[in-house]
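Residue strings, one per chain:
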Amino acid sequence: MTLFRQVTLRHLFGEPGRTLVALLGVALGIAVFLSIRLANGSVLAAFSATVDAVSGKAQLQATGGPKGLPDAAYGAARATEGVLAVAPIVQAAAAAPDWGRQPITVLGVDLFSEPAFRSYQLDAGPDRAGAMRLLGDSRALAVSGKLAAERSLRVGDPVRLEFGAKTETWRVAAILRSDELGRAYAGRIAVADIAAAQEAFGKVGRLDRLDVMLAPGASAEAVRSRLMRALGPSAMVERPRTRAGQVESLLGAFQLNLTALSAIAVFVGMFLIYNSMSISVVRRRREIGMLRALGVSRRGAMGLFLAEGAFYGLAGSALGVAAGVGMARLALKSVAATVTALYVRVEADRLTLDPALIGQAVLIGILTAVAASLAPAWEAAATPPGQSAREGSVVGKASAVAFALAVGGLALLALAAAMSWGATRFRLPYLGFSAAFAVLGGFSMVTPILTAWFARGIRPVWDRLFGVEGLLAAGYLSDALDRTAVVVAALMVSLSMFVGVSVMVGSFRRTVQAWVDQTIRADIFVQPAASDASGSDALMPPSALRAFRAVPGIDGVDEYRAAPGASEGRPIVLSAATFDVLARRGSLLFREGHSAEIVRRAKARNQIIVTEGLTLRFNKREGDTLNLSTPRGPRAFRIAGVFYDYTTSGPTVVMDRALYRRIWDDDGVNSVALYLRPGADANAAMAWLARNAPNAQGLSIVANRDLHDRVLRIFDQTFRVTYALELISIVVAVLGIINTMTALILQRGRELGILRAVGATQRQLKRVILLESGLIGLAGYAIGVACGSALALLLIYVINKQFFGWTVQARWTPGVFVQGAAITVVTAVLAGLAPARQAARRGITEAIRAE
Amino acid sequence: MIELRDVTKEFRAENDDVFAVRDVSLSVPKGAFVAVMGRSGSGKSTLLNLVAGLERPTSGSVQVAGRDLAAMDDAALTAFRRDEIGVVFQFFNLLPTLTVAENVALPARLAGKGNGVDDRVRRLLEQVDLSHRAAFRPHRLSGGEMQRAAVARALVNDPRLLLADEPTGNLDTHYADRVLRDLRAAADERGCTVLLVTHSPDAARWADRCLWMQDGCLREDGE
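Residues numbered from 1 in each chain as written. Chains lettered and ligands numbered in written order. Predicted model: local features only at pLDDT ≥ 70, side-chain atom pairs only at ≥ 80, totals over all residues.

### Re the overall build of chain B
So, step 1. A count of helices and strands for chain B gives 7 helices and 10 strands.
So, step 2. Compactness check: chain B gives a C-alpha radius of gyration of 17 Å against a globular reference of 17 Å for 223 residues, within 12% of the reference.
So, step 3. Along the first, second and third principal axes, the C-alpha atoms of chain B reach 50 × 40 × 35 Å.
So, step 4. For chain B, buried positions account for 49% of its 223 residues.
So, step 5. Contacts spanning at least 24 positions in sequence make up 71% of the contacts within chain B whose residues lie at least 6 apart. (Helix = DSSP H or I, 4+ residues; strand = E, 2+ residues; numbered from the N terminus. Rg over C-alpha atoms; globule rule 2.2 N^0.38 Å. Buried ≥ 20, exposed ≤ 12 C-beta atoms within 10 Å, placed from the backbone. Contact = placed C-beta atoms within 7 Å.)

See the structure below:
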């Protein structure tokens, strides 16, 4: 400890620049890793909090397919043996047109049944009659305390809300002071009497859910079976936590994707620590030799450097935690928006600072830093007592190690290929991620030998292009291989991530664009404005549906319904479309076969079409049958075709609307696609709709082109976090270049001094350093492009396919490679600027004397 | 060739200023071979650095080949050193990253000379008996060979002044003699002025004139 304080800490504080750069490397890696974990965790916690708050003390919850449960189900549930209490719920997401269409969840509850399930503290002003007013007024709401505070609402204030396509004015009857409910949907929640809600939501006689409490001693499983029998075949009865669990497993893929990307930043940070530590060992070899001569044991010398690694890990992680929390706050909204766009509606406005996650991040920081210090510490321990600093021995050793590493790297790449094959063959997506890390590890291990070959190959070219400065730069690159190869590897990993993710995202975007062009063919799309804001299942009023058929120039109306459904006890999205219009005018992108033909066949034979995501989750293919829960019990449907759908990753079944209405007795329509006759003016039709459709302000009317743009906008938003992660990895790698070049300049002090003494100008010296930095960038680029291309293929054909069920056609856009070259080479040269200036400024005699 | 007038060089230490060279005046004519002897820390290397323009004097003037070094900025001084002065150091004289031939060619290439450099390097390597080592990297050379390559490098720009700082300090007698013979040849055959800093009387014997340095002061041999 004394030695650590007297020797190591003095070195660390004596070179604050280098220490800070290494600390920043760890800090950034940990910050990125932690921020993604925290943001993901907070989004999930927000979802669980909503499930908990909305479920209250319910031990079971019954839901009833697209149309919900009939009112009579309430009585049936209460009469079921083993049931102590039941609370009926209707629920809808409304949009507040005066508050920028902010979505607000409105729960319709039976105030007499509620106390057993949820505690309400209603702040109703001086007369304390909030509950009574809720019951007495058919347009009265209790709004959450948060909403009231945000919008300065007081009892008696009006609130305009859009339900479906109609807009209504409600009145605040009370402020909800309940901590529990106030947490649901990030506080954007209001409660109304169930009868008023049923009427407002267009759900008279229907219930969305029954919350059930068990009698003491009753078995949940037995009551569940009895309830299923009592409520009919389309009802699903589950424990509330199961739903959160389903969402968690659905989000698993998305979270793992981001976590794996953020782990790469930690990986790159490891290179930085390794470099910093081995520079430390080389520079202090004389000192280590002296300490060994004075009686410090091998183990002591090794411990000294491992402690230095742990110091970097601990201090870097501490910085990283502080930065990570800040970054998580920034990422939270974006992650929540992506989860909402892809899976389920989540509102997260508060970061959940999970101490376990923070502890884990610090531990990872320390462990990776210590692991990265192992090899340098071992080298330090191997220093014989009294040895002085000689660089030559390290250079020789480095090239011998490079060969051994290359052999290991090739083995790792072979393993990656085997794992990729296994991931697709046995549908094991996690194996895909392991393969991605094996690719990164394998390429990192072959980097030293490739860098040496690269330096040797480019020597004559650099000599011809840049003269003796180029010759020296190429020489330095290969001679300091133990140092430069590590920074080339760090840069390579960052760039390969950039190339891999960019090619994947670019290919994905092109595929989605082609898909949008082929499948979004209708001239006009209409849905209730409320769904636009909340992504909810708001329904189109029947009067609006009549108006669509009267639009001038109309050729076909495809009415679309999407409702919650179930197959073999698992939730799916159950959809219905107007198949004859879809077959005649629309088009879906099917995995096999022609769209019109498949849709016609499905309509004629009462078959279904399903998304690619469903086939992966349910292990089905074209021609197989799928059991769906219907009000008359489970029924098997043959799959007529499998189509690509990039708007959701959830499993979706689509059938003809006539079939759906027959079986589910549901007339609801969530959106419509209007096809005009050739030559008809879409703008004129939209203007007509705005004038003539009932309550047109409550409808979102979108032209074909706008919908195309909107889909791509959602797509771009989904990948925004990914780009931020890439950037941070590159920053870490650039720090590595600065650190390495600075250390190399100190290490080569005497050589640079001799160079100046024999006639090199300061300018020439700077050029040598900048050319060397540029070569590091070029080598990192060349290897990074190869590694990134392999990663792109893995991401496209293994990870995305297995995790999300999205088939993407790989497209290699030259722009990515040009951008990559600009990023690596330009940043590498820029990173060399400060060290180059430092090299040029050093006094010649001071440098020559340095040895 | 070398004119030093009342040159003093002091280094600032934490508590005290250290005089490395104290009030030294020296005149060395063109083509002379002068040895400066002295113990470690006597200031002889600092004197050589002042003549090479690697250090600037605290006071006094240093003129080499008629040029006042104090009047030159860093770029001019670098160019002057590259074109007019050749330097040989005691340790690690060669850049490990370049071959022997490339090391020898280095000052010429830094000066932007292209034509004829290869021929000149070949001739110089023949003169110092290192033709067979031209493509070798320095770590494969013996200490004596390294220093001979360094002498060849110092001569590549055909300098008027050759400065050597303990060039034989790390060599055995056989190799030391070989290097000193090369330095002598530079003076005799090329008319090069040679200033040799050494603590070895054997090395100093190759010089025409021997000076002593003690505590930063210079005196003629025998004074």
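After that view of the structure, there is still more to cover.
### Quick notes on the overall build of chain A
So, step 1. Tallying secondary structure elements over chain A gives 29 helices and 21 strands in all.
So, step 2. Projected onto its principal axes, the C-alpha coordinates of chain A cover approximately 95 × 65 × 50 Å.
So, step 3. Looking at chain A residue by residue over its 851 residues, the buried ones come to 54%.
So, step 4. Sequence separation of 24 or more characterises 84% of the internal contacts of chain A that already satisfy a separation of 6 or more.

### Concerning the packing of helix 5 (residues 143–155) of chain B against helix 6 (residues 173–190) of chain B
Packed helices, taken two at a time, are described by the angle between their axes plus the distance between the axes.
Residue and element names in this part refer to chain B.
So, step 1. The N-to-C vectors of helix 5 and helix 6 enclose an angle of 10°; their axes lie 8 Å apart at closest approach. If you check the angle between helix 5 and helix 6, you find them roughly parallel. Every residue of helix 6 that contacts helix 5 at Gly-143, Gly-144, Gln-147, Arg-148, Val-151 and Leu-155 is listed here: Tyr-175, Arg-178, Val-179, Asp-182, Leu-183 and Ala-186. (Axes fitted to C-alpha atoms, helices over the stretch in contact; angles between N-to-C directions. Parallel < 35°, antiparallel > 145°, perpendicular 65-115°, else oblique.)

### Focus on the pairing of strand 3 (residues 33–38) of chain B
So, step 1. Burial of strand 3 of chain B is extensive: 6 of the 6 residues sit out of reach of the surface.
So, step 2. Burial along strand 3 of chain B is two-sided: Phe-33, Ala-35 and Met-37 of chain B and Val-34, Val-36 and Gly-38 of chain B, pointing in opposite directions, are all buried.

### Focus: the pairing of strand 13 (residues 524–528) of chain A
Residues and elements named next belong to chain A.
So, step 1. Within strand 13, 5 of the 5 residues are buried, which leaves the element mostly enclosed by the surrounding structure.
So, step 2. Where strand 13 meets strand 20 (residues 671–676), 3 bridges bridge the pair, whose relative direction is antiparallel. For Val-526, the partnering residue across the bridge sits in strand 20 and is Val-672.
So, step 3. As judged from the 5 bridges shared by strand 13 and strand 21 (residues 699–703), these two strands associate in the antiparallel manner. The residue bridging Gln-527 from the neighbouring strand is Ser-700, located in strand 21. (Pairing = 2+ DSSP bridges.)

### A closer look at the environment of Asp-215 of chain B
So, step 1. Tracing the backbone shows Asp-215 of chain B in the loop between strand 9 (209–214) and strand 10 (217–220).
So, step 2. Separated by 173 residues in the primary sequence, Asp-215 of chain B and Ser-42 of chain B place their C-alpha atoms 4.9 Å from one another.

### Comments concerning the interface of chain A and chain B
So, step 1. Taken together, the 23 residues of chain A in the interface contact 25 residues of chain B.
So, step 2. Looking at the side of chain A that touches chain B, the elements with two or more residues in it are helix 15 (468–479), helix 26 (749–757), helix 27 (762–804) and helix 29 (844–849) of chain A.
So, step 3. Element by element, the count of residues in the side of chain A that touches chain B is highest for helix 15 of chain A, at 6 residues.
So, step 4. The residue makeup of the side of chain A that touches chain B, split by class, is 11 nonpolar, 8 polar and 4 charged. (Nonpolar A, V, L, I, M, F, W, Y, C, P; charged D, E, K, R; others polar.)

### Details of the sheet that holds strand 2 (residues 17–28) of chain B
Residue and element names in this part refer to chain B.
So, step 1. A sheet is described by the order of its strands in space; here 4 strands give the open sequence 2-1-4-5, paired in antiparallel fashion. Whereas interior strands pair on both sides, the edge strands pair on one side only; in this sheet they are strand 2 and strand 5 (67–68).
So, step 2. Each of strand 1 (2–12), strand 2 and strand 4 (59–64) is contacted by helix 1 (residues 44–52), which is oriented at about 60° to strand 2, the strand it contacts most.

### Some points on helix 8 (residues 220–231) of chain A
All names here are of chain A.
So, step 1. The end-to-end C-alpha separation of helix 8 is 16 Å, in line with the 16 Å expected for 12 residues at 1.5 Å each.
So, step 2. Among the residues making up helix 8, those that are buried are Val-223, Arg-224, Leu-227, Ala-230 and Leu-231. Each buried residue of helix 8 sits inside an arc of 130° when the element is viewed along its axis, so together they form one side. Looking at helix 8, the residues exposed on the side facing more than 90 degrees away from the buried face are Glu-221, Ala-222 and Ser-225.
So, step 3. Lining the buried residues of helix 8 we find strand 1 (60–63), strand 2 (69–70), helix 3 (72–78), strand 3 (83–96), strand 11 (209–214) and strand 12 (236–238). (Expected span 1.5 Å × (residues − 1). Arc of directions from axis to C-beta.)

### Topic: the sheet that holds strand 18 (residues 633–643) of chain A
Residues and elements named next belong to chain A.
So, step 1. Strands sit in the order 17-18-16-19-15-14-20-13-21 across an open sheet of 9 strands; the sheet is mixed. The open sheet has two edge strands, strand 17 (625–630) and strand 21, and neither has a second partner. Neighbour-to-neighbour, the strand axes of the sheet open up by a mean angle of 30°, direction not taken into account.
So, step 2. Lying over the sheet, helix 18 (residues 542–549) contacts strand 13, strand 14 (554–567), strand 20 and strand 21, oriented at roughly 145° with respect to strand 14.
So, step 3. Here helix 24 (residues 704–718) sits on the sheet and contacts strand 13 and strand 21; the angle it forms with strand 21, its principal contact strand, is near 95°.

### What about the environment of Pro-16 of chain A?
So, step 1. Residue position: Pro-16 of chain A is located in helix 2 (residues 16–55).
So, step 2. Put simply, Pro-16 of chain A and Asn-606 of chain A are 590 residues apart on the chain and 74 Å apart in space, counted from C-alpha to C-alpha.

### Description of helix 1 of chain B
So, step 1. Of all 9 residues that make up helix 1 of chain B, 9 are buried, and the element is covered over most of its length.
So, step 2. Positive backbone phi, at 80°, marks Gly-53 of chain B, one or two positions downstream of helix 1 of chain B.

### What to know about the confidence of the model for chain A
Residue and element names in this part refer to chain A.
So, step 1. Confidence in the prediction of chain A, expressed as mean pLDDT, is 83, and 91% of residues score 70 or more.
So, step 2. When mean pLDDT is taken per element in chain A, helix 20 (residues 595–604) scores highest with 95 and helix 17 (residues 529–534) scores lowest with 58.
So, step 3. Per-residue pLDDT stays below 50 along residues 388–395; that stretch engages in 11 contacts with residues further than four places along the chain or on separate chains. (pLDDT = per-residue confidence, 0-100.)

### Things to note about the packing of helix 16 (residues 481–519) of chain A against helix 28 (residues 814–841) of chain A
All names here are of chain A.
So, step 1. In the contact formed by helix 16 and helix 28, the axes pass within 10 Å of each other and the chain directions differ by 155°. Accordingly, the angle class assigned to the pair helix 16 and helix 28 is roughly antiparallel. Crossing hand, helix 16 versus helix 28: right-handed. Each of Leu-491, Leu-495, Phe-498, Val-499, Ser-502, Val-503 and Gly-506 in helix 16 lies in contact with helix 28, whose residues at this interface are Val-816, Gly-820, Ile-823, Thr-824 and Ala-828.
So, step 2. Split into classes, the residues belonging to the contact of helix 16 with helix 28 amount to 8 nonpolar, 4 polar and no charged. (Left-handed = near helix turned anticlockwise from the far one by under 90°.)

### Re unusual backbone geometry
Residue and element names in this part refer to chain A.
So, step 1. The backbone of Asn-606 sits at a positive phi, close to 55°, despite the residue not being glycine.
So, step 2. With respect to the helices, strands and loops of the structure, Asn-606 is situated in the loop between helix 20 and strand 16 (608–611).
So, step 3. The partly exposed category is assigned to Asn-606, around which 16 C-beta atoms lie within 10 Å.

### Considerations on the confidence of the model for chain B
Detailed reading of the predicted coordinates is not advisable wherever pLDDT falls low.
Residues and elements named next belong to chain B.
So, step 1. Confidence in the prediction for chain B averages 86 pLDDT; 96% of positions are at 70 or higher.
So, step 2. Within chain B, the lowest mean pLDDT, 82, falls on strand 10, and the highest, 91, falls on helix 3 (residues 100–110).
So, step 3. The complex model carries a pTM of 0.73, and its ipTM stands at 0.85.

### As for the environment of Gly-500 of chain A
So, step 1. Following the sequence through the fold, Gly-500 of chain A ends up in helix 16.
So, step 2. Contact partners of Gly-500 of chain A, with chain neighbours within four places excluded, come to Gly-788, Leu-791, Ala-792 and Leu-795 of chain A.

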